[in-house]
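# Structure assessment
Listed below, chain by chain, are the residues.
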Number of protein chains: 2
Amino acid sequence: MVSVNENFLKLSESYLFSEIAKRVNAFKIANPDKKVISLGIGDVTRPLPKASIDSIHKAIDEMGDEKTMRGYAPECGYSFLIEAIIKNDFNSRGISLEQDEVFVSDGAKSDTGNIGDILGVDNIVAVTDPVYPVYVDTNVMGGKAGNLQAGVWDRLVYLPCTPGNKFVPDFPGKEVDVIYLCYPNNPTGTTLTKEQLKGWVDYALKHKALLLFDAAYEAFITEQNVPHSIYEIEGAKQVAIEFRSFSKTAGFTGLRCGYTVVPKELTVYDEAKNVVSLNQLWKRRQSTKFNGTAYIIQRAAEAIYTPAGKQQIHETIDYYMENARIIKENLESIGMETYGGVNAPYIWMKTPKNVSSWDFFDRLLNERQVVGTPGVGFGKSGEGFLRLTAFGKRTDVLEAVDRMKIKS
Amino acid sequence: MVSVNENFLKLSESYLFSEIAKRVNAFKIANPDKKVISLGIGDVTRPLPKASIDSIHKAIDEMGDEKTMRGYAPECGYSFLIEAIIKNDFNSRGISLEQDEVFVSDGAKSDTGNIGDILGVDNIVAVTDPVYPVYVDTNVMGGKAGNLQAGVWDRLVYLPCTPGNKFVPDFPGKEVDVIYLCYPNNPTGTTLTKEQLKGWVDYALKHKALLLFDAAYEAFITEQNVPHSIYEIEGAKQVAIEFRSFSKTAGFTGLRCGYTVVPKELTVYDEAKNVVSLNQLWKRRQSTKFNGTAYIIQRAAEAIYTPAGKQQIHETIDYYMENARIIKENLESIGMETYGGVNAPYIWMKTPKNVSSWDFFDRLLNERQVVGTPGVGFGKSGEGFLRLTAFGKRTDVLEAVDRMKIKS
């Protein structure tokens, strides 16, 4: 008799965004004349860069000609894209990488979810709190999270990030093997300095732990001394995998392309104490369970590294970061406590008077018709916060902050 | 200390195609003046259908306009594509499906590989022999295959498919829980009749087993009484998941799109004997570890269901099947024993005089400069066979068969 992976049964329905949608819909039905503005969803709204569109037009015509059509792509990415990635995203910061250390994929969500495939089920996994839910849910599916007890998974180690520690997580109180770090952070929009990140690399070196570094929001960094890649830190290649995404950098949420760096220096030991290369294991995973990213999409990604492409994505990122500034400054002007929004498209807003995340969400929806994401949905330490995103249209952002500034 | 998934360490490098490439390259270096023709790889060579190319031009322009751009796609597929799939691939054969029973993805390789995520590690898995290596390798990675002993995995149940049983696998001699069936078959090119497939559905119903039915080559069926979908068989919705791909149907190997059907009637039991819906588990898996197929690719897939698209893919399939006919008839004309090639783009050729697969491969390469795939690479029961594919250019196919017909 066929049996299921029982770990899946421990997961509830994806509660957060469906609950938000439920409440918003109920409000709209009761108030059909009122316009609701969402600053809740982390999805882009600006068009794709023209350089990428031009590339796709060209590439798809190649696919229509017998002489230039392409079949299966290399499972781990075309050289033309990998070369552009290494040159622009790494060499420019003094980091050298070999071509077979970069794995092109259909996005960082897939990669951060699938990376668990190559790791042992006995690893103790640490996540920051609040956290991007995919890290937690995929560890539940893979049997590494244990059981849910009073809202927390009993095998996971949570690293609280709060105003109390300036959103810099303390090192775990117990031994951990795998640590997810997302910087610039989703949902708090905060960052680590080079020195702070070095602390984590040193921790991992000392404890033979693995860092899973999600740099999906790297392109939004505006300040100096905020590392764009973990490999800016000495020794990181021995302990860290880095995830990157074109989703927010270049508006690719609907195109799907990202990449993951697994350095060859990153070695671990198996049960028999033999050296194992995670690079080889990830290559085996990707070439067996994935069949490459579409040629035309890889050409679109390559195009963002051209002078025109760079200019275009720069303009779009500036647009979103101006939204972030507007949200942050306006909220602060009325005495609200906010974090993030400087090196990331997320503003992490403290609710006034310690109102709970959901109560504040309801108030904002009912009284101002503005939608945010309740911070508690990202974890216990997110209680009392609301995440606002800077991906909206300017007119909506301006109207939303005006509404939030009206005195009740 | 971080530990790896030790199951990965049991896998050798993907031996088959790298070994072929090694031998072909060595030959080419030693014989730079000789033209090698490959009938070995299962990748398409004809251009994409014009209807799909036109759709991509249109869709990518939508992505460049603020008013029509699309962000994240629905994780399980856009309605416009799912509706076209249900209407054309299922309703046309008297099968009804609901929209949320069809899951659009980046291809059948991903889905047949990832499906193991939702199944318990204790399941006993059966595969036909010879077999598409992804089924085996992903079960090794997931800890369901046991250990490799003399070339076979000791927890897998192999179902030999040979001329002796007319390539119709016998039911397993021991209880199994999960059975992979690929029809039309890769690599043998053979099919099951409705009655034969009904036998497997009845077996699964009786034994509460799950059928994983890979119908990636469905579009190549030419004969009556060969089922295109397992759901043509009564009761199949209770026991079968079906995988489909646009790769071979419409030349999408380099675009990446496929879909998987998980009927809601397909229920299993958990340890506590509660009913579990695999449809819900797969939905949870896909929405957590996958972020949807690109909008422009889904529009390209939708286009193959238009009258122009149908006509175009029909022409290409006919082209490949004419190649198959040429290969098969020419080989038979010189007394070779061949299988497949009528409802599938693969010809499964018995080597002359019981020569081993690799010896025959070497002879064909060295003496005729034609490359096939050694059957033993697909499993023990493939020993003494060579797989030839019909995806080449007509001129190459004609030259290859001419070379093979020369008496030595």
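First, a word on scope: everything that follows refers to the structure included in this document. Just so we're clear, the structure is a prediction, and the values are computed from it rather than from any experiment.

Definitions and cut-offs
Residues numbered from 1 in each chain as written. Chains lettered and ligands numbered in written order. Predicted model: local features only at pLDDT ≥ 70, side-chain atom pairs only at ≥ 80, totals over all residues. Heavy atoms only, no water. Buried < 20%, exposed > 50% of the residue type's maximum accessible area, 1.4 Å probe, protein only. Helix = DSSP H or I, 4+ residues; strand = E, 2+ residues; numbered from the N terminus. Pairing = 2+ DSSP bridges. Patch = residues over 30% accessible without salt bridge, like charges linked within 9 Å, V, L, I, M, F, W, Y side chains within 5 Å. Areas by Shrake-Rupley, 256 points an atom, 1.4 Å probe, with all protein chains shown as cover. Salt bridge = Lys/Arg side-chain N within 4 Å of Asp/Glu carboxyl O. Phe/Tyr/Trp six-rings, centres within 6.5 Å; stacked < 30°, edge-to-face > 60°.

### Comments concerning the pairing of strand β10 (residues 258–261) of chain A
Residue and element names in this part refer to chain A. Residue alternation in β10 divides its side chains into two sets, G258 and T260 and Y259 and V261, and both sets are buried. Inspection of the sheet shows strand β2 (residues 102–105) paired to β10 by 4 bridges, in the antiparallel sense. Bridging across to β10, V104 finds its partner in Y259. Inspection of the sheet shows strand β9 (residues 240–245) paired to β10 by 4 bridges, in the antiparallel sense. Note that in β10 the partner of F243 across the bridge is T260.

### Examining a nonpolar patch on the surface
A cluster of nonpolar residues, A:M1, B:Y269 and B:V275, forms a patch on the protein surface that exposes about 260 Å² of accessible area. Counting through the fold element by element, B:V275 comes out in strand β12 (residues 275–277). Note on B:V275: relative accessible area 55%, which makes it exposed.

### Some thoughts on unusual backbone geometry
Residue A:P184 is bonded to the preceding A:Y183 through a cis peptide linkage, with omega at -10 degrees. Backbone torsion omega between B:N186 and B:P187 reads 20 degrees, so that peptide bond is classified as cis. Mapped onto the elements, B:P187 comes out in the loop between β7 (178–182) and α6 (194–207). The phi dihedral of A:K166 is positive, around 55 degrees, even though this residue is not glycine. Locating A:K166 in the fold gives a position in the loop between β6 (157–160) and β7 (178–182).

### Here we look at the packing of aromatic side chains
The tally for this structure, following the rule as stated, stands at 48 aromatic pairs over all chains. Ring geometry for A:W348 versus A:F385: centroids 5.1 Å apart, planes at 10 degrees, classification stacked. Taken together, the residues A:W348 in strand β14 (residues 346–350) and A:F385 in strand β17 (residues 385–389) connect sequence positions 37 residues apart. Judged by its relative accessible area of 4%, A:F385 falls in the buried class. Pairing B:F80 with B:Y295 gives two aromatic rings, centres 6.0 Å apart and planes at 85 degrees, and the pair type is edge-to-face.

### Remarks on the pattern of salt bridges
Scanning the entire structure with this criterion turns up 52 salt bridges over all chains. We note a salt bridge from A:D100 to A:K264, for which the minimum N-O separation is 2.8 Å. With A:D100 in the loop between α3 (79–90) and β2 and A:K264 in the loop between β10 and β11 (267–269), this residue pair connects regions lying 164 residues apart in the sequence. Two residues, A:R299 and A:E302, come together in a salt bridge whose shortest N-O distance is 2.9 Å. Of this pair, A:R299 and A:E302 both sit in helix α8 (residues 295–303), 3 residues apart, which is roughly one turn of the helix. In this structure A:E302 comes out as partly exposed when scored by relative accessible area, which is 23%. Salt bridges here are not isolated pairs; linked through shared partners, they connect A:D117, A:R285, A:K289, B:D117, B:R285 and B:K289.

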